[in-house]
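Architecture and fold: a report
Residues per chain, in single letters:
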Amino acid sequence: MAIQRTLSIIKPDATERNLTGSINARFEQAGLRIIAQKRLHLTRAQAEKFYEVHKDKAFYDSLCEYMSSGPVVAQVLCGEDAVAQNRKIMGATNPANAEIGTIRRDFGQSIEHNAVHGSDSPENAQIEISFFFSQLEIVE
Ligand code: ADP
Ligand code: MG
C-alpha cells in the first residue's frame, strides 16, 4: 500500500471538551503523522461549501450549523494507506455502531456530534486538503 494523505477535522463537540490532544494521540499511536494542523472557526458559508456533497440530505442544515458553531482543528494526516486507515481509527459515522476503541465510539456523542471528520477517498482527500491548506503549510 502506498503512502497517502488524508484530511481530518476535529469537530466542535470535541474541541469544546478539550479532546484535541487525546484524539491526536490516537492518530500517532496508529502510525499516522500530523503534517499540517490549524485551529479555525468556520463560517456558516464555509461549512456549507465543505459539505456541499450532502446538500440534498435532511441533515445538511443542521450539520452546517453545528460545524460552524465552534472551533475545529483541521489537519493533514500522512501514512501508509492513510485514507482507509484513518476511517478505521475513526469508526462508523454513528458512535453507537462504531467499534470499541475507535475515536467515535470513545469520544462521539451522537451521529451528528461524532468528534471527527475523515476523507472517504484519495480523490476527495486532495480536494478537502486544498480547501484548508496551501502547499506551504504542509510539511512532511
Ligand atoms: P462520515 O463523516 O462518516 O463520512 P457522512 O459523510 O455520511 O459520514 O456524513 C457527514 C457528517 O454528517 C457525519 O460525520 C455526521 O456529523 C453528519 N451526519 C451523517 N448522517 C447523519 C444523520 N443521519 N443525522 C445527523 N447527522 C448526520
Ligand atoms: Mg463523509
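Here goes a summary of the coordinates provided. It should be emphasised that the depicted structure is a prediction, and the values quoted were computed from it without experimental measurement. (Residues numbered from 1 in each chain as written. Chains lettered and ligands numbered in written order. Predicted model: local features only at pLDDT ≥ 70, side-chain atom pairs only at ≥ 80, totals over all residues. Heavy atoms only, no water.)

**Looking at the pattern of salt bridges**
Scanning the entire structure with this criterion turns up 8 salt bridges. Between E48 and R44 there is a salt bridge, with its nearest N and O atoms 2.8 Å apart. Here E48 pairs with R44, and both are found in helix α3 (residues 44-50), just 4 residues apart, close to one helical turn. When the shortest N-O distance is used, the salt bridge between R44 and D61 registers 3.2 Å. With R44 in helix α3 and D61 in helix α4 (residues 60-67), this pair connects stretches of sequence that are 17 residues apart. (Salt bridge = Lys/Arg side-chain N within 4 Å of Asp/Glu carboxyl O. Helix = DSSP H or I, 4+ residues; strand = E, 2+ residues; numbered from the N terminus.)

**Focus on the side chain of K11**
Looking at where K11 falls in the secondary structure, it is placed in the loop between β1 (3-10) and α1 (12-16). No salt bridge is formed by the buried K11, whose closest oppositely charged neighbour, D13, lies at an N-O distance of 6.5 Å. Side-chain polar atoms of K11 contact the side chain of N114, separated by 2.8 Å. Ignoring any residue separated from it by four or fewer positions in sequence, one finds K11 in contact with Y51, Y66, M67, P71, V72, R104, E112, N114, A115, V116 and H117. (Buried < 20%, exposed > 50% of the residue type's maximum accessible area, 1.4 Å probe, protein only. Lys, Arg positive; Asp, Glu negative; His and termini not counted. Polar contact = N/O pair within 3.5 Å; in protein donor to acceptor, adjacent residues only side chain to side chain. Contact = heavy atoms within 4.5 Å.)

**Structural notes on the layout of surface pockets**
Of the voids in this model, the largest pocket is the one considered here, and its volume is about 560 Å³. Lining the largest pocket are 24 residues, with Y51, V53, H54, L63 and H117 sitting closest to its centre. Counting only elements with at least two residues in the lining of the largest pocket, the list comes to α3, α5 (82-90), β4 (116-118) and α7 (122-132). Here the lining of the largest pocket gets 4 residues from one element, more than from any other, and that element is α7. The residue makeup of the lining of the largest pocket, split by class, is 10 nonpolar, 6 polar and 8 charged. (1 Å grid on protein atoms, 1.4 Å probe; cavity = no way out; pocket = protein on both sides within 12 Å on 5 of 7 lines; lining within 4 Å. Points joined across faces, edges and corners; volume = space filled by probe spheres on them. Nonpolar A, V, L, I, M, F, W, Y, C, P; charged D, E, K, R; others polar.)

**Focus on the site of ligand 1**
Taken together, K11, H54, F59, L63, R87, T93, R104, I111, E112 and N114 are the residues near ligand 1. R87 has a polar side-chain atom sitting 2.8 Å from an oxygen atom of ligand 1. Taking E112, its main chain carries an N or O atom lying 2.9 Å from an oxygen atom of ligand 1. Considered on its own, ligand 1 offers 530 Å² of accessible surface; in the complex 78% of this is hidden by protein. In this structure the site holding ligand 1 corresponds to the largest pocket. A class-by-class count of the residues in the shell around ligand 1 yields 3 nonpolar, 3 polar and 4 charged. (Near = heavy atom within 4 Å. Areas by Shrake-Rupley, 256 points an atom, 1.4 Å probe, with all protein chains shown as cover. Sits in = over half its atoms within 2 Å of the grid points.)

**Points about the sheet that holds β1**
Taken together, 4 strands build an open sheet; the order of strands is β2-β3-β1-β4 and the sheet is antiparallel. What marks the edges here is a single partner per strand, and that holds for β2 (33-40) and β4. Between one strand and the next, the sheet's axes are offset by a mean angle of 20°, whatever the strand orientation. Docked against the sheet, α5 engages β1, β3 (72-80) and β4, running at close to 35° with respect to β1. (Pairing = 2+ DSSP bridges. Axes fitted to C-alpha atoms, helices over the stretch in contact; angles between N-to-C directions.)

**Examining the packing of aromatic side chains**
How two aromatic rings sit relative to each other is set out by the distance from centre to centre and by the angle between their planes. One pass over the full model with this rule turns up 5 aromatic pairs. For the ring pair F132 and F133, a centre distance of 6.5 Å and an interplane angle of 50° mean the geometry is tilted. Accessibility classification places F132 together with F133 in one group, the buried group. Ring pairing ties together the aromatic residues F50, Y51, F131, F132 and F133, which thus form one cluster. (Phe/Tyr/Trp six-rings, centres within 6.5 Å; stacked < 30°, edge-to-face > 60°.)

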